Amino acid sequence: MNNTMIDVVLTGELAEGISFEQACATVEKLFKLPAEQARQLLETAPRVIKRGLDSETAEKYRLTIEKNGLKVRLQGDADTAAKSEVLAPETAAVPATAVTSAVVAQAPVEAAPAIARQETAVSTTATALAPAQPVAATDFAGLKFRIDGSPDFGFLTVQLPPGQMLKVEASAMATMDTNLVMKTKMKGGISRMLSGENLFLNEFTAENGPGEIGIAPATPGDLIHRYMRGETLYLQSGAFVASTPGINIETKWQGFTKGFFSGESLFLIRASGEGDLWLNSYGAIIEIDVKDGYVVDTGNIVAFTEGLEYSISKVGGYKSLFFSGEGFVCRFKGEGKLWIQTRSVGAFAGWAGQYRPTKD
Amino acid sequence: MHVELVNQPGNTAAKVSLRPGEVCTAESGAMLAMSSNMQITTTTHKKQGGSLLKAAKRLLGGESLFLNHFEPQNTPGEVWLGTDLAGDMLVLPLNNDNLIVQGGSFLACDEGIEVDLGWQGFKSLLSGERIFWLKLKGKGTAVLSSFGAIYPIEVDGDYIVDTGHIVAFSETLQFSITKAGMSWLQSILGGEGMVCKFSGRGTVWCQSHNESSFGQLLGPELKVRG
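This is a predicted model, so every value here is computed, not measured.

A.B. asks: Please clarify how the overall build of chain A should be interpreted in this entry.
C.D. replies: Across its full length, chain A carries nine helices and 20 strands. In chain A, which comprises 360 residues, the proportion classed as buried is 53%. At a minimum sequence separation of 6, the contacts of chain A that also span at least 24 residues come to 75%.

Here it is as structure tokens:
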């Protein structure tokens, strides 16, 4: 029964001697995708490219794709694995040779409860010793990293080569190698202070040899990685986790009306340049391809691509404004990608508020 | 109305896909995001025949007074629904089998289902939890949410559930509020207080965590109001 539910995951790793451009061309040809989409698919890898296949078909896919110099892995269906895990742990492992049961960090709609559970049990430092542990290693142009515990408790571990620097959200560092040296930098000056985002970014540099850093964001939730190639992303303040020095992090004034009515911070973070960028959320992250428009509750925005225009408006009529519980929403127009989170800090705080003690 | 649940069980969200003409009714404040062709109307009750009395009853049920109705214009649309607290969701097809849902656990339903407020009698007053429960009846799909994991229990005979852990149950079940221990003193000191005793045949859906227990734990850590 488990054999019938296998996902094929494109890891984004390339065989030796294959350049990124060649890989794009391959994907374009294999999946008959437009060039731009092929490129996007590879950039956001690991990605699930086929779902719910039987083991034979999945194996065929794997062979065809690997022949073309790309790496894939097969993984058992998360739900099936989760259910069978309780009854008989060994049955959860689909064909033992192919499955590495790795976290698909970037797959937008990837519920992987069984895998997440395994991941949390794995101590992050132990992974260097035990290569057979579930690992979402990605090494294309960027740094080697892994994300454990998605989508509930995302934890990021990044390998820094000697001399490499990493910018990290203040107070997010959980563990680090003794080779790393930390410097605190004030980024963006006064405007950053106003944004409500921490004024300081910490810079970790592997000065005395290679080093590893473990990063735990403040909120329980998902982590995603983007390898940026010159594009620009706007992030809700607080969504930034870490980036390599090639990424320029600035704050952007939303304008009085937008910021004021959204009830959220007046600033967005603008990230641009080339390199790795990691984002986090409160709750799981869902990726949405916007074709002509989308509406998001202001508290649930994680990030969006530059191509999207947005405005703050009310959700329906005036009755809805006051009574729908939605208040103001962000209306996106244009084409691009949008990331939303399934929980919101504001909504949680609202719920918790009813338990606040009263002054007497 | 087609419902897909993602990121179960901790950070569950429901993706509801609607064709033109279909309407999804959701708890107010549950919308995370939606396609731009979605029209929202906010009413005090179901689109047809909502009366103020019913709305008032809903308010007492711990649900908010208002429901949002999502209807895509011209082309198919989608709406993402989420909850304030971490937890799972459940998609239940109803075929004229009535369901009693605890106030905070209702998330959404399609047009075929009527949301009514069921008065469970004075016995439920004693439970210390939500006094009113919603009654879902009709034919269609209902989406329920929970705090923590959600699991069904097939009752045939008697079964006891802590009042704070009930998500929903079939109307075929009889219930009474009773003490958990042998004596009232034991029940209260044991922190269990009231429990719900079900009898008959049917299903009870339970949640692994209790909202008010978590709230009471969190409360003293928060800044004093005012």
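A.B. asks: Before we go on, may I ask you to explain the confidence of the model for chain A in this structure?
C.D. replies: With 67% of its residues at a pLDDT of 70 or more, chain A shows a mean pLDDT of 72. A low-confidence stretch, residues 77–139 of chain A stays under pLDDT 50, and its non-local contacts, those more than four residues away or across chains, total 127 contacts.

A.B. asks: For this particular structure, what's the right way to read the sheet that holds strand β10 (residues 211–215) of chain A?
C.D. replies: The pairing of strands in a sheet happens through backbone hydrogen bonds and is either parallel or antiparallel. All names here are of chain A. Here we have four strands laid out as an open sheet, ordered β4-β5-β10-β7, and antiparallel in their pairing. Because the sheet does not close on itself, it has two edges, and the strands there are β4 (144–148) and β7 (173–176). Between one strand and the next, the sheet's axes are offset by a mean angle of 20°, whatever the strand orientation. Sheet analysis places strand β5 (residues 155–160) next to β10, joined by five bridges and oriented antiparallel. Paired with valine 158 across the bridge in β10 is isoleucine 213.

A.B. asks: I would appreciate a short explanation of the interface of chain B and chain A in the present structure.
C.D. replies: Note on interface size: it is often stated as the accessible area lost on association of the parts. Across the boundary between the two partners, chain B contributes 44 residues, which contact 45 residues of chain A. Summing the contributions of chain B and of chain A, the shared interface buries around 3700 Å²; its carbon and sulfur component is 57%. The largest contributions to the chain B side of the interface with chain A come from B:Asn7, B:Asn11 and B:Arg225, which together make up 19% of the buried area. For the interface between chain B and chain A, the tally reads zero salt bridges. If you look at where chain B meets chain A, you find 14 residue pairs in polar contact (both at pLDDT 80 or more). Taken together, the elements giving at least two residues each to the side of chain B that touches chain A come down to β1 (2–6), β4 (31–35), β5 (38–43), β7 (77–81) and α4 (211–218) of chain B. Ranked by residue count, the leading element in the side of chain B that touches chain A is α4(B), at six residues. Here the side of chain B that touches chain A is built from residues that sort into 17 nonpolar, 21 polar and six charged. Looking at chain direction, strand β16 (residues 293–297) of chain A and β4(B) are connected through three bridges and run antiparallel. When the bridges of β4(B) are listed, A:Val295 appears paired with B:Met34.

A.B. asks: Would you explain a nonpolar patch on the surface in this entry?
C.D. replies: Residues and elements named next belong to chain A. Taken together, Met173, Met176 and Met182 make up a surface patch of nonpolar side chains, about 240 Å² in accessible area. Mapped onto the secondary structure, methionine 176 falls in strand β7. The class of methionine 176 is partly exposed, set by a relative accessible area of 35%.

A.B. asks: For this particular structure, what's the right way to read helix α9 (residues 345–353) of chain A?
C.D. replies: An α-helical segment advances 3.6 residues per turn. Residues three or four places apart therefore align on the same side. If you check which residues of α9(A) are buried, you get A:Trp351, A:Ala352 and A:Gly353. Looking at the buried positions of α9(A), the neighbouring elements they touch are α4 of chain B.

A.B. asks: Hey, could you run me through the pattern of salt bridges in this one?
C.D. replies: Side chains that differ in sign of charge can pair as their charged atoms come close. By the definition in use, this model includes nine salt bridges over all chains. Of the charged contacts in the structure, one is a salt bridge between A:Glu287 and A:Lys337, with a shortest N-O distance of 3.0 Å. Taken together, the residues A:Glu287 in strand β15 (residues 285–290) and A:Lys337 in strand β20 (residues 336–341) connect sequence positions 50 residues apart. One exposure class covers both A:Glu287 and A:Lys337, and it is buried. Notably, a salt bridge pairs B:Glu171 with B:Lys135, separated by 3.0 Å at the nearest N-O pair.

A.B. asks: Is there a simple way to think about the sheet that holds β1(B) in this case?
C.D. replies: Ordered in space as β18(A)-β19(A)-β16(A)-β4(B)-β7(B)-β2(B)-β1(B), the seven strands form an open sheet in which the pairing is antiparallel. Two strands close off the open sheet at either side, each with one partner strand: β18 (309–314) of chain A together with β1 of chain B. If you compare each strand with its neighbour and ignore which way they point, the axes differ by 20° on average. Where β4(B) and β7(B) come together, three bridges link them in antiparallel fashion. Following the sheet pairing, B:Met34 is matched in β7(B) by B:Val79.

A.B. asks: Hey, could you run me through unusual backbone geometry in this one?
C.D. replies: Negative phi values dominate among residues other than glycine, just as trans dominates among peptide bonds. Omega for the peptide link from A:Ser150 to A:Pro151 comes to 0°, which places this bond in the cis form. Cis geometry marks the peptide bond from B:Gln8 to B:Pro9, where omega comes out at -5°. With respect to the helices, strands and loops of the structure, B:Pro9 is situated in the loop between β1 and β2 (13–18). Unlike most non-glycine residues, B:Asn7 shows phi in positive territory, near 55°. Relative to the helices and strands, B:Asn7 resides in the loop between β1 and β2. Even without a glycine there, the phi angle at B:Asn96 is positive, about 60°. Relative to the assigned elements, B:Asn96 resides in the loop between β8 (89–95) and β9 (99–102).

A.B. asks: What is the right way to read the side chain of A:Ser281 from this model?
C.D. replies: Residue and element names in this part refer to chain A. Mapped onto the secondary structure, serine 281 falls in the loop between β14 (267–280) and β15. Classification of serine 281 by relative accessible area gives buried; the value is 2%. Other than its neighbours up to four places away in sequence, serine 281 contacts Thr219, Pro220, Gly221, Asp222, Val302 and Gln341.

A.B. asks: So what exactly am I meant to see when it comes to the packing of aromatic side chains here?
C.D. replies: The description of an aromatic ring pair rests on the distance of the ring centres and on the angle between the ring planes. Summed over the entire model, instances satisfying the criterion amount to 14 aromatic pairs over all chains. On the basis of an interplanar angle of 15° and a centroid distance of 5.6 Å, the ring pair of A:Trp351 and B:Phe214 is categorised as stacked. Here A:Trp351, found in helix α9, pairs with B:Phe214, found in helix α4, and the two come from separate chains. For A:Trp351, a relative accessible area of 6% puts it in the buried group. You can call B:Phe214 partly exposed: its relative accessible area is 27%. When the ring of B:Phe147 is compared with that of B:Phe214, the centres are 5.5 Å apart and the planes differ by 40°; the resulting orientation is tilted. Within this pair, whereas B:Phe147 is found in the loop between β12 (133–145) and β13 (150–162), its partner B:Phe214 is found in helix α4, the two being separated by 67 residues in sequence.

Definitions and cut-offs
Residues numbered from 1 in each chain as written. Chains lettered and ligands numbered in written order. Predicted model: local features only at pLDDT ≥ 70, side-chain atom pairs only at ≥ 80, totals over all residues. Heavy atoms only, no water. Helix = DSSP H or I, 4+ residues; strand = E, 2+ residues; numbered from the N terminus. Buried < 20%, exposed > 50% of the residue type's maximum accessible area, 1.4 Å probe, protein only. Contact = heavy atoms within 4.5 Å. pLDDT = per-residue confidence, 0-100. Pairing = 2+ DSSP bridges. Axes fitted to C-alpha atoms, helices over the stretch in contact; angles between N-to-C directions. Buried area = accessible area lost by both parts, 1.4 Å probe. Salt bridge = Lys/Arg side-chain N within 4 Å of Asp/Glu carboxyl O. Polar contact = N/O pair within 3.5 Å; in protein donor to acceptor, adjacent residues only side chain to side chain. Nonpolar A, V, L, I, M, F, W, Y, C, P; charged D, E, K, R; others polar. Patch = residues over 30% accessible without salt bridge, like charges linked within 9 Å, V, L, I, M, F, W, Y side chains within 5 Å. Areas by Shrake-Rupley, 256 points an atom, 1.4 Å probe, with all protein chains shown as cover. Phe/Tyr/Trp six-rings, centres within 6.5 Å; stacked < 30°, edge-to-face > 60°.

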